[in-house]
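Below are the chains, spelled out letter by letter.
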2 protein chains.
Amino acid sequence: MKTKDRIIEASIELFNSQGERNVTTNHIASHLNISPGNLYYHFRNKEEIIRHIFTKYADHMQVSFEPVKPSQDAIKILTNYLDAVFSALYHFNFLYDNLPVIMARDPELRVQYLQIHDKMMEKIHHLIVSLQVAGVINMDNSDIDDLANIIKQQVTFWISYSKTSSEDSEITEQLLYKGLMKVLLLFKPYVTAEYKDAVAEISEKYRARADGLVPATEDEE
Amino acid sequence: MKTKDRIIEASIELFNSQGERNVTTNHIASHLNISPGNLYYHFRNKEEIIRHIFTKYADHMQVSFEPVKPSQDAIKILTNYLDAVFSALYHFNFLYDNLPVIMARDPELRVQYLQIHDKMMEKIHHLIVSLQVAGVINMDNSDIDDLANIIKQQVTFWISYSKTSSEDSEITEQLLYKGLMKVLLLFKPYVTAEYKDAVAEISEKYRARADGLVPATEDEE
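What you are looking at is a predicted structure, and each value in this text was computed from that prediction instead of being measured. (Residues numbered from 1 in each chain as written. Chains lettered and ligands numbered in written order. Predicted model: local features only at pLDDT ≥ 70, side-chain atom pairs only at ≥ 80, totals over all residues.)

1. Here's the deal with the nonpolar core
Cut-off, in case you're wondering: To form a nonpolar core, buried Ala, Val, Leu, Ile, Met, Phe, Trp, Tyr and Cys residues must be joined through C-beta atoms within 7 Å. A residue is called partly exposed when the number of other C-beta atoms within 10 Å of its own lies between 12 and 20, exposed at 12 or fewer, and buried at 20 or more, with C-beta atoms placed from the backbone. C-beta atoms are first placed from the backbone for all residues, and any pair lying within 7 Å is then listed as a contact.
Counting residues in hydrophobic clusters, the biggest one holds 110 residues, and the most contacted among them are Leu82, Val85 and Leu180 of chain A together with Leu82, Val85 and Leu180 of chain B. Residues in contact with Leu82 of chain A, not counting those within four places in the same chain, are Leu180, Val183 and Tyr206 of chain A.

Next up, the structure:
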């Protein structure tokens, strides 16, 4: 692997495990057993590393929240969405953990993030409409935009919420699945009688992972 | 007003309007036309000012989310809660805007915040149970804890979400009321036929404020 790629990989790993704000370029160089000068040859500063990671994040979102085929089953669209959310939170948890700060200090990233945000809102909107059209849920059309925003906020700030609301702030796979359970609960009251069992079955699957009863597997990679 | 109190008042005002991370003790002193030395006589550093504000925040939460009388109407408990949420977000928006960072850098504040969090969770839990017992909503008892967490997250990170998801990041009264509308939507699918009109009436009241159709008034102070 090229040094540049190794730096990016190590940075993601250290940011995720120790928090972006606690990791300096010197930590990253030391972790890789390279000199700070060697690191600076590839990236002028931490901000440039984060921009590079952000491009990877944008690609990841593009691929994992792939466009849905028109014929696709609505329940499958829902589980694909949840799995893609898990994957994003799992691989880039430091971004979610410190999003407002990272956005505030780099206007360029902010613009890129807003584009990703808008695309994600489209996906969530599409997910809700697909569930509605397929008869899985039944809700007022006028509430769809607000529900989409609630879901987006729930996903984006789940890590920040978890870290600020409990003593134990470690980001584990189980914790991320607990976040997915909350997203499922947002849909639950709208689920029609016909689809109650199908959605309950999905809930059970994610609950088992949230409870650590089955090893959480990363299917997306 | 004593200099100490003027410093606290000016700090809250500047933190709220310019973001806590953009305001230094020098800004605060200059805003008050006092010397940095005079400010340092009262507070050793910004962290000490924030701790002092945090005590005011804790008092504010204690008073505005007051204990409910047993005889109180469930709908009234709901509007009291929403108004208290508005008041907290309005007066201390900088805390919500930068909560994870403030918690991360001051373990003492973190402990205090966790206590406030737990109390707020009790209030939300009590609100949901009151609505359930009064027949305003009908939901599975096993979902109450999760719904309480969703509401808490929605309130606590509404400002961060708004600031990271749109170009225009100004915190206005209308924006805060838009956040309250989201909380109401979280209850809406559980509302019983009997109380549908009563809850719709509340929604209209807050929607009018969110849309800026009536001047938002701060009743709590």
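Continuing now.
2. Considering the packing of helix H9 (residues 144-156) of chain A against helix H11 (residues 173-187) of chain B
Filter applied, for reference: To get an axis, a line is fitted to the C-alpha atoms, and for a helix only the part in contact is used. The angle between two axes follows their N-to-C directions and goes from 0 to 180 degrees. We count a stretch as a helix when DSSP gives it H or I for four or more residues in a row; a strand needs E for two or more, and each element gets its number in order from the N terminus. Angle categories: roughly parallel below 35 degrees, roughly antiparallel above 145, roughly perpendicular from 65 to 115, and oblique for all the rest. Residue polarity is assigned by list, with Asp, Glu, Lys and Arg as charged and Ala, Val, Leu, Ile, Met, Phe, Trp, Tyr, Cys and Pro as nonpolar; anything else, Gly included, falls into the polar class.
At their nearest, the axes of H9 of chain A and H11 of chain B sit 10 Å apart, and the two run at 100° to each other. Classified by the angle between their axes, H9 of chain A and H11 of chain B sit roughly perpendicular to one another. Touching Asp146, Leu147, Asn149 and Ile150 of chain A of H9 of chain A are Met181, Lys182 and Leu185 of chain B, all from H11 of chain B. Grouping the constituent residues of the contact of H9 of chain A with H11 of chain B by class yields four nonpolar, one polar and two charged.

3. Focus: the relation of the copies chain A and chain B
The criterion, for reference: Superposition of the copies used a least-squares fit over C-alpha atoms from residues whose pLDDT is at least 70 in both.
With an axial shift of 0.0 Å and an RMSD of 0.0 Å, the rotation relating chain A to chain B amounts to 180°. The superposition of one copy onto the other is thereby described by a two-fold rotation axis. Among all C-alpha atoms of chain A, that of Pro189 of chain A lies closest to the rotation axis, at 2.9 Å. A symmetric contact is evident, with 100% of the interface residues of chain A recurring at the interface of chain B.

4. Quick notes on the domain arrangement of chain A
All names here are of chain A. Here is the rule: Segment limits for the domains were obtained from an automatic or database-derived domain assignment.
The domain boundaries assigned to chain A delineate domain 1 (1-44) and domain 2 (50-210). In this structure, domain 1 and domain 2 have C-alpha centres spaced 29 Å apart. The interface is formed by eight residues belonging to domain 1 together with six residues belonging to domain 2. Each residue belonging to the side of domain 1 that touches domain 2 can be placed in one class, and the counts come to three nonpolar, three polar and two charged.

5. Concerning the packing of helix H1 (residues 3-18) of chain A against helix H4 (residues 46-64) of chain A
Residue and element names in this part refer to chain A. Closest axis-to-axis distance for the H1/H4 pair is 10 Å, and the angle between their directions is 90°. Viewed along their axes, H1 and H4 adopt a mutual orientation that is roughly perpendicular. Contacts between H1 and H4 involve Ile7, Ile8, Ser11 and Ile12 from the first element and Ile49, His52 and Ile53 from the second. In terms of residue class, the contact of H1 with H4 is made up of five nonpolar, two polar and no charged.

6. Things to note about helix H4 (residues 46-64) of chain B
Residues and elements named next belong to chain B. Convention followed: What a helix should span is 1.5 Å times the count of its residues minus one. What the arc covers is the set of directions going from the helix axis to the C-beta atoms.
Taking 1.5 Å per residue as the helical rise, H4 with its 19 residues ought to reach 27 Å, and the 26 Å between its terminal C-alpha atoms agrees with that figure. What H4 keeps buried is the set Ile49, Ile50, Ile53 and Tyr57. Here the buried residues of H4 occupy an arc of 90° about the axis, which is enough to place them on one side. Opposite the packed face of H4, turned more than 90 degrees from it, sit the exposed residues Thr55, Asp59, Gln62 and Val63. For H4, the elements touching its buried residues are helix H1 (3-18), helix H6 (93-97) and helix H7 (99-105).

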